[in-house]
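# A look at the structure
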Amino acid sequence: MRSRRALLALTAAAALAAWGPPARAVIRVDITVSKIYDSSKAVVVGTVTAVNPDNRVVDLKVTGAAKGDSPGEKVRVQIVSPEDVLKKAAAGQPAVLFVAEEKGASMALVHLADTWLMAQAVPESKPPVWRVVQVYDGKQTFPGRTAAVVRLAAELKAGKPSLLNKVEPNFFNGGVRQLAKLGLAKPVFLAAGDVNADRKPDLVVAAAGGTHLLLAAGAGYEDATAKWGLGGASGRAAAFGDVNGDGKPDLLIGQEIYINNGQKFAPAGAQLQLPDGARPLATALADATGDGKPDAIVLLADGRVLVFKNPGAPDKPWSQQAPRTMWQEKEAALAGAIGDFGDNGKPHVLAVRPSGIVRYALDADGGPPADFERLTGEKPPHAATPEGLKNVVAAALDYNGDRRPDFLLVTDGGSLLLVNRGFGTFLAAGDAGAALISTAERPVSFKLSRATPIVGADMHGDGIDDLLVLTEDGRLFEADNHAKAAP
């Protein structure tokens, strides 16, 4: 058992991300949830049953103990301050108490209403009462929601913690090299997936001359658009996904779903109906409805998200759910991605706008919008730029091979990698895209612009994604990723 001083001293120490070079070799959280758990005599999980504003008391029903003994059926938390936490607390919400003791005096770190709190035990109170004495600065330890802390506590009890606490900043240090000259001009999008099961990423590219399927062949690529049935495909975005569960990657291009039989793509029975003039920013084939089948998800630049439900058969129509507007501000997104960026296993949207990076859930279960500080526990480095983010190039990729989508962002001011820790939280790594930016010491034969498509793809079969860059004149480059794969 560790002392009360040890628990009081628990503070996170993740490096502050900046657009400049990282300050140290390893980006990490020094004081982790695991350390807090180990320092605790007991870890109590409960559910809010009532909130009494008059005496500022939150009643909790104890639902279990992730460590040590249960304190009984009921616990109370008195929140004298801050007032906003009491206002956010509501019946049905979860809560977690990490309890320590020294010389008969007890204290606890409480996670309630998505906030870390420091509390002291009220002696001889029945049921046990914990009086909050201050907000605990635990954002960098874990900036996520209380619902995720409950699942974290369960993992720690089982001895199987999966929260990522450090990352090696070997950002594309394998160098940048040209792979091919594709003979295409002014590309609109670039998507990568292994369509023919040869364990090599193939490419789908929309350019000035139409949409093309390029199969990896030898040291380059061969155009198989007509052979694979994609001669009439068109659109401004594309995504791979296994729509029918046969293990083969199908395609969403524009408004059309294409089913892959291993040798050719065939259009599904019905087109998706996108609004007139819609400008897709990102698309995905992912399960948005919880039935285990990938649905079609389209993020528009104006903040609307469209979800088309997978009917389970290729000849049936994909019914559209009621559109959702992610933000009300009249600020178009510059870039975005759709993937498992939240803490409930469902797809979320990451949107980059001039004012910053925000995550949005597709339903209420995913919680409210999360800004950079909620995602990372750190102040956003771009906040110091009065004009906001500009000329954004971004891509989702699995940087470290842990099957969690990370997010790379390159702007006029520099670059940033959000490394997915799991449970809806991220480590922020500055200067992660430096290999893509030409300098006198490290020249690069292209210049990124907002129109430059980039995409993550496992080019070497090592379980981690490299980065592909397609220039305006059709040159394809690879930024080689030498990150250590996750165990």
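Residues numbered from 1 in each chain as written. Predicted model: local features only at pLDDT ≥ 70, side-chain atom pairs only at ≥ 80, totals over all residues. Heavy atoms only, no water.

## Comments concerning the sheet that holds strand β24 (residues 335–339)
Under the convention used in this document: Here, strands pair whenever DSSP counts at least two bridges between them. Secondary structure is summarised from DSSP: a helix means a run of H or I of at least four residues, a strand means a run of E of at least two, and numbering begins at the N terminus for each. Helix axes are fitted only over the stretch in contact, all axes being lines through C-alpha atoms; the angle between N-to-C directions runs from 0 to 180 degrees.
The strand order across the open sheet built from 3 strands is β24-β25-β26, with neighbouring strands paired in antiparallel fashion. A strand with exactly one partner marks an edge of an open sheet, and here the two such strands are β24 and β26 (356–361). Sheet twist, expressed as the average angle between the axes of neighbouring strands with direction ignored, equals 15°. Alignment of strand β25 (residues 348–353) against β26, held across 6 bridges, turns out to be antiparallel. The partner of R353 across the bridge, within β26, is G356.

## Some thoughts on the pattern of salt bridges
Oppositely charged side chains can form a pair if their charged atoms are brought close together. Test applied: Salt bridge, as used here, is a side-chain nitrogen of Lys or Arg placed within 4 Å of a carboxyl oxygen of Asp or Glu. The buried label applies to any residue whose accessible area, calculated with a 1.4 Å probe on protein chains only, is under 20% of its type's maximum; exposed applies above 50%, and partly exposed to all values in between.
Inspection of every chain in the model, using the stated rule, returns 19 salt bridges. Put simply, D291 and K293 hold a salt bridge, and the shortest N to O gap is 3.2 Å. A relative accessible area of 27% means that K293 is categorised as partly exposed. Owing to a relative accessible area of 29%, D291 belongs among the partly exposed residues under this scheme. Each member of the salt-bridge network shares a partner with another, and the members are K139, E373 and K379.

## A word on the sheet that holds strand β31 (residues 454–457)
With antiparallel pairing, 4 strands are arranged side by side in an open sheet as β10-β33-β32-β31. With one partner strand each, in any of the chains shown, β10 (176–181) and β31 form the two edges of the open sheet. The sheet shows a mean angle of 30° between the axes of neighbouring strands, direction not considered. Sheet topology places β10 next to strand β33 (residues 475–479); 5 bridges connect them, and they run antiparallel. Residue pairing across strands places Q178 opposite F477, the latter belonging to β33.

## Description of helix α4 (residues 146–158)
Let me state the cut-off plainly: In this scheme, a helix's expected span is set at 1.5 Å multiplied by one less than its residue total. This arc is built from the directions going out from the helix axis to the C-beta atoms. We call two residues in contact when some of their heavy atoms are within 4.5 Å.
A rise of 1.5 Å per residue sets the reference length of α4, with its 13 residues, at 18 Å; its end C-alpha atoms lie 19 Å apart and thus fit the reference within 8%. Turning to α4, its buried residues number three or more, namely T146, A148, V149, L152, A153 and L156. Buried residues of α4 fall within an arc of 145° about the axis and therefore sit on the same side. Turned more than 90 degrees from where α4 packs its buried face, K157 and A158 sit exposed. If you follow the buried residues of α4, they end up packed against α2 (33–39), β2 (42–52), β3 (57–67), β5 (94–102), β6 (105–112) and β7 (115–121). Of the residues flanking the end of α4, it is G159, one or two places downstream, whose phi is positive at about 75°.

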